[in-house]
Amino acid sequence: MATRKVTLSLDTAAIEYAERAAKAHGISLSAWLSRAARREAVRTGYRAPARHDAEALAAADEAELAAADKDLGA
């Protein structure tokens, strides 16, 4: 999957929590927020269109996150 740069406004407490959580997990803030957004979307009922190769998609997600971490100097 491709990455896309976006501008977000988050309340101070939310960004501080996210920064601490990302650091604790050893990943970039961008990667942590991406994972958190994906989890929350699924938790609240979003279901992606059915795809036949889930394993390849999962590998692509991990590769995308690794590339984003590298780009951000994490």
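From a predicted model like this one, the values you see are computed outputs, not experimental measurements. As a convention, each chain's residues are numbered from 1 in the sequence order in which they are written. The predicted origin of the model limits local features to residues at a pLDDT of at least 70 and limits the giving and counting of side-chain atom pairs to 80 or more, whereas totals for whole chains, interfaces and linings rest on all residues. Remark: hydrogens and water are excluded; side-chain values derive from all non-hydrogen atoms of the structure.

**Student:** How should the pattern of salt bridges be read in this particular structure?
**Tutor:** Any two side chains of opposite charge can pair, given that their charged atoms come close. Throughout this description, the term salt bridge denotes a Lys or Arg side-chain nitrogen within 4 Å of a carboxyl oxygen of Asp or Glu. Applying the stated criterion across every chain, the model contains 1 salt bridge. For Glu 40, the salt bridge is made with Arg 43, and the minimal N-O distance between the two is 2.7 Å. Taken together, the positions of Glu 40 and Arg 43, both in helix H2 (residues 29-43) and 3 residues apart, correspond to about one turn of that helix. For every residue, the accessible area obtained with a 1.4 Å probe (protein chains only) is divided by the maximum for its type, and the residue is called buried under 20%, exposed over 50%, and partly exposed between those limits. Overall, Glu 40 belongs to the partly exposed group, its relative accessible area being 36%. For Arg 43, a relative accessible area of 61% translates into the label exposed. In DSSP terms, a helix is any run of H or I states spanning at least four residues, a strand is any run of E spanning at least two, and both are numbered starting from the N terminus.

**Student:** What should I look at first to understand the side chain of Ser 28 in this one?
**Tutor:** Relative to the helices and strands, Ser 28 resides in the loop between helix H1 (12-25) and H2. Judged by its relative accessible area of 8%, Ser 28 falls in the buried class. N or O atoms within 3.5 Å of each other form a polar contact, as long as, within protein, one can give a hydrogen and the other can take it, and as long as residues adjacent in sequence are counted only when both atoms are side-chain atoms. A distance of 3.0 Å separates a polar atom in the side chain of Ser 28 from the backbone nitrogen of Ala 31.

**Student:** Could you clarify how one ought to interpret a nonpolar patch on the surface in this entry?
**Tutor:** A residue counts toward a patch only above 30% relative accessible area and without a salt bridge, and it is joined to like-charged neighbours within 9 Å or, for Val, Leu, Ile, Met, Phe, Trp and Tyr, to nonpolar neighbours within 5 Å. Computed by Shrake-Rupley with a 1.4 Å probe, the accessible areas treat only the displayed protein chains as cover when residues are assessed. A surface patch of nonpolar side chains, about 290 Å² in accessible area, is lined by Val 6, Leu 8 and Leu 10. With respect to the helices and strands, the residue Leu 10 is situated in the segment before H1. For Leu 10, a relative accessible area of 43% translates into the label partly exposed.

**Student:** Could you clarify how one ought to interpret the packing of H1 against H2 in this entry?
**Tutor:** Relative orientation and spacing of two packed helices are given, respectively, by the angle between their axes and the distance between those axes. Helix axes use the C-alpha atoms of the stretch in contact, all axes being lines fitted to C-alpha atoms, and the angles between their N-to-C directions lie in the range 0 to 180 degrees. For the pair H1 and H2, the least separation of the axes is 9 Å and the interaxial angle reads 105°. As far as their axial angle goes, H2 and H1 are roughly perpendicular. Taken together, the residues of H2 that come into contact with H1 (itself represented by Ile 15, Ala 18, Glu 19, Ala 21, Ala 22 and His 25) are Leu 29, Trp 32 and Leu 33. Looking at the contact of H1 with H2 residue by residue, the classes come out as 7 nonpolar, 1 polar and 1 charged. By the definition adopted for this analysis, an angle is roughly parallel if under 35 degrees, roughly antiparallel if over 145, roughly perpendicular if from 65 to 115, and oblique otherwise. Only heavy atoms matter for contacts: two residues are in contact if any of them lie within 4.5 Å across the pair. Residue type decides the class: Asp, Glu, Lys and Arg count as charged, Ala, Val, Leu, Ile, Met, Phe, Trp, Tyr, Cys and Pro as nonpolar, and the leftover types, Gly among them, as polar.

**Student:** How do you make sense of H2 when you look at a structure like this?
**Tutor:** Within an α-helix, residues lying three or four positions from one another point in the same direction, as the helix has 3.6 residues per turn. For a helix, the expected span equals 1.5 Å multiplied by the residue count minus one. Taking 1.5 Å per residue, 15 residues should reach 21 Å; H2 reaches 21 Å between its end C-alpha atoms and fits that length. When H2 is considered as a whole, its buried residues turn out to be Ala 31, Trp 32 and Ala 36. Projected down its long axis, H2 carries its buried residues within an arc of 130°, all on one side. Following H2 by one or two positions, Gly 45 has its phi on the positive side, about 110°. When we speak of the arc, we mean the arc of directions from the helix axis to the C-beta atoms.

**Student:** Is there a simple way to think about the nonpolar core in this case?
**Tutor:** The tendency in soluble globular proteins is for nonpolar side chains to be buried as a group. In plain words, nonpolar cores are sets of buried Ala, Val, Leu, Ile, Met, Phe, Trp, Tyr and Cys residues tied together by side-chain atoms within 4.5 Å. Within the largest apolar cluster, 8 residues are counted, these being Ala 18, Ala 21, Ala 22, Ile 27, Ala 31, Trp 32, Ala 36 and Leu 65. Listed by contribution, the elements that provide at least two residues to this core are H1 and H2.

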